[in-house]
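A closer look at the structure
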Amino acid sequence: QVQLVESGGGLVQPGGSLRLSCSGSGLTFSVYSMAWFRQAPGKEREFVAAITSTGSETSYADSVKGRFTVSRDNTKNAFYLQIASLKAEDTAVYYCAANRNSYSTSNYSPRYNFWGQGTQVTVSS
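The written sequence of each chain sets the order in which its residues are numbered from 1. Predicted model: local features are reported for residues with pLDDT of at least 70 only, side-chain atom pairs are reported and counted for 80 or more only, and whole-chain, interface and lining totals are derived from all residues. The basis for every side-chain value is the complete set of non-hydrogen atoms in the structure, without hydrogens or water.

Further remarks concern the side chain of Ser102. Every helix listed is a DSSP run of H or I at least four residues long, and every strand listed is a run of E at least two residues long, numbered separately from the N terminus. Relative to the assigned elements, Ser102 resides in the loop between β9 (92-99) and β10 (114-115). Burial here depends on accessible area, computed with a 1.4 Å probe over protein chains only, as a share of the maximum for the residue type. Under 20% is buried, over 50% is exposed, and the range in between is partly exposed. Owing to a relative accessible area of 16%, Ser102 belongs among the buried residues under this scheme. Reaching out from Ser102, the side chain makes a polar contact with the backbone oxygen of Val31 at a distance of 2.4 Å. In what follows, a contact means two residues having at least one pair of non-hydrogen atoms within 4.5 Å. Ser102 has contacts with Val31, Ser33, Thr52 and Ser53, leaving out every residue within four places of it along the chain. As used in this structure description, the phrase polar contact means that two N or O atoms lie within 3.5 Å; if the pair is within protein, one of them must be able to donate a hydrogen and the other to accept it, and residues adjacent in sequence are counted only when both atoms belong to side chains.

Rendered as structure tokens:
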């Protein structure tokens with residue numbers, strides 16, 4: 001059974017930083033491309049960032065470029081999102097997702113085969 005488990009969310013002040021982690025099991029993690037999506041209250045789920053299976057390519061939503069960094073460690077079946085300069089509008093539940101296409105950095109959520117349960121990030125003073 002495939003499981004993706006996010007961690008690292010919490011309450012952070014504006015301008016602060018966080019690192020979200022996603023741990024994968026039940027799948028050959030190293031052949032999946034991975035992505036982060038987020039969903040704010042009352043809004044649709046949106047793409048944040050993605051990375052290919054080897055980490056050779058990444059993609060970011062315009063709203064997070066320069067502040068968010070995605071990375072992975074296939075030796076640990078782990079995937080990360082480093083978030084800096086947090087803003088109130090970054091408040092959302094953050095989800096990691098896995099795509100069987102190793103070479104994809106798609107921002108289209110239906111292309112992702114497996115999803116985690118999400119971790120809450122709240123930015124507030």
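Pairing of aromatic rings covers Phe, Tyr and the six-membered ring of Trp, with a centre-to-centre limit of 6.5 Å; geometry is then stacked below 30 degrees between planes, edge-to-face above 60, and tilted otherwise. Throughout the structure, instances matching the rule amount to six aromatic pairs. Consider the rings of Tyr32 and Phe114, whose centres lie 6.1 Å apart with planes at 55°: the pair is tilted. Taken together, the residues span a long stretch of sequence, with Tyr32 in the loop between β3 (18-25) and β4 (33-39) and Phe114 in strand β10 at a distance of 82 residues. Feature note: the residues Phe37, Phe47, Tyr112 and Trp115 constitute an aromatic cluster, connected by ring pairs. Only lysine NZ and arginine CZ atoms are considered, and such an atom sits over a ring when it is within 6 Å of the ring centre and within 35 degrees of the ring normal. One cation-aromatic arrangement involves Arg45 over Tyr95; the distance from NZ or CZ to the ring centre is 4.0 Å. The residue whose ring lies beneath Arg45 is Trp115, and the NZ or CZ to ring-centre distance is 4.6 Å.

Note that all results are geometric; they support no functional claim without further evidence.
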